[in-house]
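Coordinate analysis (summary)
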Amino acid sequence: STPTLPATMRAIKIPHTGGLEVLELHSDLPLPTPTSGQILIKNAFAGVNYIDTYLRTGLYPPPASGILGQEAEGTVVAVSAEGDTYGFKIGDRVAAFTSGGAYAEYVAVPAQTSFKLPEGIEAGLGAASLLQGLTALTLIREAHPVKKGETILVHAAAGGVGLWLCQLLRAVGAKVIATASTAEKLALAKENGADELVNYKTHDFVAEVARITGGAGVAAVFDGVGAATFEGSFASVARKGSMVSFGNASGPVPPFTIARLGAKNIKVLRPRLGAYVETREEFETYSAELFGFIADGKVGVKVHGRYKLEDVAKAQGELEGRGTVGKLLLVL
Ligand code: NDP
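This text gives an overview of the structure that appears in the document.

Definitions and limits used
Residues numbered from 1 in each chain as written. Predicted model: local features only at pLDDT ≥ 70, side-chain atom pairs only at ≥ 80, totals over all residues. Heavy atoms only, no water. 1 Å grid on protein atoms, 1.4 Å probe; cavity = no way out; pocket = protein on both sides within 12 Å on 5 of 7 lines; lining within 4 Å. Points joined across faces, edges and corners; volume = space filled by probe spheres on them. Helix = DSSP H or I, 4+ residues; strand = E, 2+ residues; numbered from the N terminus. Contact = heavy atoms within 4.5 Å. Near = heavy atom within 4 Å. Polar contact = N/O pair within 3.5 Å; in protein donor to acceptor, adjacent residues only side chain to side chain. Areas by Shrake-Rupley, 256 points an atom, 1.4 Å probe, with all protein chains shown as cover. Nonpolar A, V, L, I, M, F, W, Y, C, P; charged D, E, K, R; others polar. Domains from an automatic or database assignment.

Looking at the layout of surface pockets
Counted as a void, the second largest pocket has a volume near 260 Å³. In terms of lining, the second largest pocket is formed by 16 residues, of which the most central are Met9, Pro32, Ser65, Ile67 and Gly101. For the lining of the second largest pocket, the secondary structure elements donating two or more residues are β1 (8–13), β2 (24–30) and β6 (106–110). With three residues, the single largest contributor to the lining of the second largest pocket is β6.

Encoded structure:
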């Protein structure tokens, strides 16, 4: 049966880009209307991701609606009559990856990048897993297809994407050198599969990687830290290896001259999740695999904290302040 929907909803909307203060709570915004190919979700959880901070500050252009949030988990309450909605029905429990709008009680998302959660996936696990899990999975499959026995450097290894990378790399039999800024974070990376631990705040990670690899360097670096680590990561890659720069937590990487690649014949990549899971088949296949790992108990999610919608500024502040591990969730 079609649920009765309220006329308005609570949501966090930014009037313009800026500091944490622009994350304003509204209690009377109109519900979004699903357009062609979209489904409307009554949100139970929204994931907080580092990209939300780039969109808030203006490093990346924010969505026109002013409502941030790219990761939702909840129940389908309406399905567009137009476009392909991939068989989604009212009442389905889903997790969705979208361009914005998830910091709200209701969000209209593309059916194409929504995933029907299997039975037994506990509440919150959809929004805690989808974006960062798919990022890690596509990075190790497509950016640098990791082979058993390779040594891989993972920065910010206790972060959201970082803990996924540690677990998935362990699962494929790679050796992980993990960096993080505190002993507690490094211990968590180790629990999640890291083999070698480097505190990159107190130690020169380039020298540590050289020592651990006997001077050879690593087959790939997964670097979501950006400006602060790029040069060191570049120096740490083995001949014919991959430098995968996938984020800018410390700031964007400055322009780079391709002639530098020839010194070791390395590849430099700057992948974006959306371009790996663009088609329905890509999104569905990777999501099914990801939630399959979770259902099998092969991987788990460390939830740093659950926050009320009105406390989103606190959540983003802790994330930007390097005070978190694993996943941050908004509870609607
Ligand atoms: P994290 O949970 O990893 O948080 C960021 C971490 O980066 C911090 O905890 C901190 O760990 C580390 N860090 C290092 N230097 C800084 C700094 N100056 N300021 C803040 N943090 C710093 O976030 P996510 O898992 O959400 O994202 C990780 C990275 O992956 C981000 O860059 C994000 O943009 C990127 N990403 C990219 C995607 C893509 O499609 N390309 C998709 C998803 C994420 P420590 O204290 O240990 O240094």
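Quick look at the environment of Ser181
Looking at the element boundaries, Ser181 is found in the loop between β9 (175–180) and α4 (183–191). In the structure, Ser181 is positioned 77 residues away from Ile258 in sequence and 30 Å away in space, judged by C-alpha atoms. Ignoring anything within four residues of it in the chain, the contact list for Ser181 reads Asn199, Tyr200, Lys201 and Arg322.

What about the site of the ligand?
As a matter of local geometry, the ligand sits amid 29 residues, with Ser181, Lys185, Tyr200, Gly224 and Leu273 nearest to it. At 2.6 Å, a backbone N or O of Leu273 approaches an oxygen atom of the ligand. In isolation the ligand offers 900 Å² of accessible surface; the protein chains occlude 91% of this area. Put simply, the parts of the chain that give the shell around the ligand at least two residues each are α1 (50–57), α2 (125–143), α3 (160–171) and α9 (312–320). Considering every element that reaches the shell around the ligand, the biggest residue donor is α2, with three residues. Class assignment of the residues belonging to the shell around the ligand gives a composition of 13 nonpolar, 11 polar and five charged. Domain assignment of the residues forming the shell around the ligand places at least three in each of domain 1 (8–130 + 275–331) and domain 2 (147–270).

These figures come from the coordinates and say nothing about function on their own.
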